[in-house]
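# An overview of the molecular structure
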Amino acid sequence: MPGLLRGVARTAVVAGTATAVSNRVSRRQAGRWAQQEAAAQPAPPAAPPAAPPAAPPPAAPAASMDEKLDQLKELATLKEQGVLTEEEFAAQKARVLAG
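First, a word on what this report is: a plain description of the structure on this page. As the structure is a prediction and not an experimental result, all values here were calculated from the model. (Residues numbered from 1 in each chain as written. Predicted model: local features only at pLDDT ≥ 70, side-chain atom pairs only at ≥ 80, totals over all residues. Heavy atoms only, no water.)

## Structural notes on helix 3 (residues 86-98)
Taking 1.5 Å per residue as the helical rise, helix 3 with its 13 residues ought to reach 18 Å, and the 18 Å between its terminal C-alpha atoms agrees with that figure. Turning to helix 3, its buried residues number three or more, namely Phe-89, Gln-92 and Val-96. Within helix 3, the buried residues cover an arc of 75 degrees as seen down the axis, which keeps them to one side. Helix 3 presents Glu-87 and Ala-98 as exposed residues on the side facing more than 90 degrees away from its buried surface. (Helix = DSSP H or I, 4+ residues; strand = E, 2+ residues; numbered from the N terminus. Expected span 1.5 Å × (residues − 1). Buried < 20%, exposed > 50% of the residue type's maximum accessible area, 1.4 Å probe, protein only. Arc of directions from axis to C-beta.)

Printed below as a string of structure tokens:
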């Protein structure tokens, strides 16, 4: 049973990390495409100044300090239970603190 719980917890951590990375890559790629499209379009000759390009969609609001502390406590509990290795714990801790 502990092995099953460890596998489920590890899968959840990996899936969450993969989703976060995938979303960040998608946002960055969309920004690059928008820059390329803006550079490829010639400016109209006698038109009034163009409006600034649309701002990218707002990023998810940063987690409050209380939320970050709760996440770190949960990660520490998983590490103490042996669900997470030291490397996994460090990686997830860095992710929480960066967000």
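Having seen it, we continue.
## Notes on the nonpolar core
The tendency in soluble globular proteins is for nonpolar side chains to be buried as a group. Within the largest apolar cluster, 9 residues are counted, these being Ala-9, Val-13, Leu-72, Leu-75, Leu-78, Val-83, Leu-84, Phe-89 and Val-96. Where this core is concerned, the elements lending two or more residues are helix 1 (2-40), helix 2 (65-80) and helix 3. Top element by residues in this core is helix 2. It accounts for 3 residues. Excluding anything up to four places from it in sequence, Phe-89 contacts Leu-75, Ala-76, Lys-79 and Leu-84. (Core = buried A, V, L, I, M, F, W, Y, C linked by side-chain atoms within 4.5 Å. Contact = heavy atoms within 4.5 Å.)

## Remarks on the packing of aromatic side chains
One pass over the structure, following the stated rule, counts 0 aromatic pairs. Lying across the ring of Phe-89, Lys-79 places its NZ or CZ 5.1 Å from the centre. (Phe/Tyr/Trp six-rings, centres within 6.5 Å; stacked < 30°, edge-to-face > 60°. Lys NZ or Arg CZ within 6 Å of the ring centre and 35° of its normal.)

## Describing the side chain of Gln-92
Positionally, Gln-92 belongs in helix 3. Among the polar contacts listed, one links the side chain of Gln-92 to the side chain of Arg-95, at a separation of 2.8 Å. For Gln-92, the residues in contact, after removing those within four places along its chain, are Val-13, Thr-17 and Leu-75. (Polar contact = N/O pair within 3.5 Å; in protein donor to acceptor, adjacent residues only side chain to side chain.)

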